[in-house]
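Each chain, written out:
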Amino acid sequence: MNWKKKLLALGLSLALTLSLAACGQKAEKPAQTEEPAQSEEPAEVPETPEFTPAEFRIAALKGPTAMGLVELMSLSDTANEMMEGKEDVVSTQNTYDFTLAGSADEVTPALIKGDLDMACVPANLAAVLYGKTEGAVEVLAVNTLGVLYIVENGETVQSMADLKGQTIVAAGKGSTPEYALRYLLSENGIDPDKDVTIDWKSEHSECVAALAGGQASIALLPQPFVTVAQTKIEGLRMALDLTAEWDALDNGSGLITGVIVARRDVVEANPGAVDAFLAEYEASVEWVNANNADAAQLISEYGIVEAAPVAEKALPYCNIVCITGSEMKEKLSGYLQVLADAEPSSVGGTLPADDFYYGA
């Protein structure tokens, strides 16, 4: 059968099929021709980054930014050695070297110098670093939404308006806690420089000590320090949830506490390994949120939070996430815009360009 006859036979078969279908009858499957007609060339499949295992040096701050990493930390090579002899130990695709720090000031110089590949930092600091390094730092994921609370040993504060005239002890000057508090005070008609006194401490633990010692009755604290303080101070209550107060403004943005950033040269050298890390990070976050008791035990063992019961109680209030790609860009850019409108220096003077957002 020559090619013309083959096409004619195929055409008749298709015509019969369409005719029967139009009459509501089930058409028999047309017989396979000897040489099926060639279709158009298939569309190109988007290339995925080639994966080559890498060794990443990652720093996180004690608290929620490290809590989401804890399962991944436990699956790293060091943890696997500790678990020798146990069955079904899952190994990671990359090799990780994790370090914990008490403040971002301990982390950022090492990141800039190249002693770290990635770091969990306050959201606004990521934008500042992008500007300072002329784009040498990019954000991989949002890892923590709002975790800030106004706590009080008393019943005076029932709304943002009740903070007027009060003294608030707080830590985190020059980072997310300061800018979030100042913004919310301003949006509620309170001048943060005149109408309230903010007593800045170097660490959140100092705020807890001030509350416990009676030197203060109102504090701005993140989880899990809120829970830690409640175990030490009878009657201490969460008076205001700053995430809820931010959402009440209905301005299209959300309160974001932390992100994970990476040096651009590290990302460009091995994007496949970065994607593998993000997949493992997301799995770690999901596990932590679904297994609070087991996660709390690991969190305590790693020294992220002092006691497992405290970690377990705090986890539901920590808003641990792993948001990447376009969703990350939408949420984070909106938050940074709010900060820039309130205080340009809080994001480094200029908002980051689109290349700040990995995978978006």
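Bear in mind the structure is a predicted one, so any value in this text is a computation, not a measurement.

Let's talk about the overall build of the chain
Move 1: Within the chain, the regular secondary structure consists of 15 helices and 11 strands.
Move 2: Long-range contacts, defined as pairs at least 24 residues apart, comprise 78% of the intrachain contacts of the chain with a sequence gap of at least 6.
Move 3: As displayed, the chain has an accessible area near 18300 Å², and 49% of this comes from carbon and sulfur atoms.

Section: the sheet that holds strand β2 (residues 95–101)
Move 1: Ordered by their spatial adjacency, six strands build an open sheet running β2-β1-β3-β10-β4-β11, and the pairing between neighbours is mixed. Edge positions in the sheet fall to β2 and β11 (320–323), since each of these pairs with one other strand and no more. On average, each strand axis in the sheet is tilted by 25° relative to the strand beside it, whichever way the strands run.
Move 2: In terms of strand pairing, strand β4 (residues 137–145) meets β11 through two bridges, oriented antiparallel. Directly across from Thr-144, in β11, lies its bridge partner Ile-320.
Move 3: Most of the contacts of helix α12 (residues 271–290) go to β11, to which it runs at about 150°, and overall it touches β1 (55–61), β2, β3 (118–122), β4, β10 (256–263) and β11.
Move 4: The strands touched by helix α15 (residues 325–342) are β4, β10 and β11; relative to β4, the strand with the most contacts, the crossing angle is about 85°.

Observations concerning the pairing of strand β7 (residues 197–201)
Move 1: Judged from the five bridges that link them, strand β6 (residues 167–171) and β7 form a sheet pairing that is parallel. Across the sheet, residue Ala-170 finds its bridge partner in β7, namely Trp-200.
Move 2: For the crossover that starts at β6, traverses helix α7 (residues 176–187) and ends in the parallel β7, the hand is right-handed.

Remarks on the side chain of Glu-152
Move 1: As for its position among the elements, Glu-152 is in strand β5 (residues 148–152).
Move 2: If sequence neighbours within four positions are ignored, Glu-152 has contacts with Val-157, Ser-217, Ile-218, Gly-235, Leu-236, Arg-237 and Ala-239.

Section: the confidence of the model for the chain
Move 1: Here the chain shows a mean pLDDT of 84. Residues at 70 or above account for 82%.
Move 2: Least confident of the elements in the chain is helix α1 (residues 3–22), whose mean pLDDT is 36; most confident is β7, at 97.
Move 3: When the criterion is pLDDT under 50, residues 1–39 qualifies, and its contacts beyond four places in sequence or with other chains add up to nine contacts.

Side note on the packing of aromatic side chains
Move 1: The full count for this structure, using the stated rule, is eight aromatic pairs.
Move 2: For the ring pair Tyr-96 and Phe-98, a centre distance of 5.6 Å and an interplane angle of 35° mean the geometry is tilted. With respect to class, Tyr-96 is no different from Phe-98; both count as buried.
Move 3: Measuring from centroid to centroid gives 5.5 Å for Trp-246 and Tyr-335, while their planes differ by 45°, and the two rings are tilted. Taken as a pair, Trp-246 in helix α10 (residues 242–248) and Tyr-335 in helix α15 lie far apart in primary sequence, 89 residues in all.

Conventions and cut-offs
Residues numbered from 1 in each chain as written. Predicted model: local features only at pLDDT ≥ 70, side-chain atom pairs only at ≥ 80, totals over all residues. Heavy atoms only, no water. Helix = DSSP H or I, 4+ residues; strand = E, 2+ residues; numbered from the N terminus. Contact = heavy atoms within 4.5 Å. Areas by Shrake-Rupley, 256 points an atom, 1.4 Å probe, with all protein chains shown as cover. Pairing = 2+ DSSP bridges. Axes fitted to C-alpha atoms, helices over the stretch in contact; angles between N-to-C directions. Right-handed = clockwise from strand over helix to strand, strands pointing away. pLDDT = per-residue confidence, 0-100. Phe/Tyr/Trp six-rings, centres within 6.5 Å; stacked < 30°, edge-to-face > 60°. Buried < 20%, exposed > 50% of the residue type's maximum accessible area, 1.4 Å probe, protein only.

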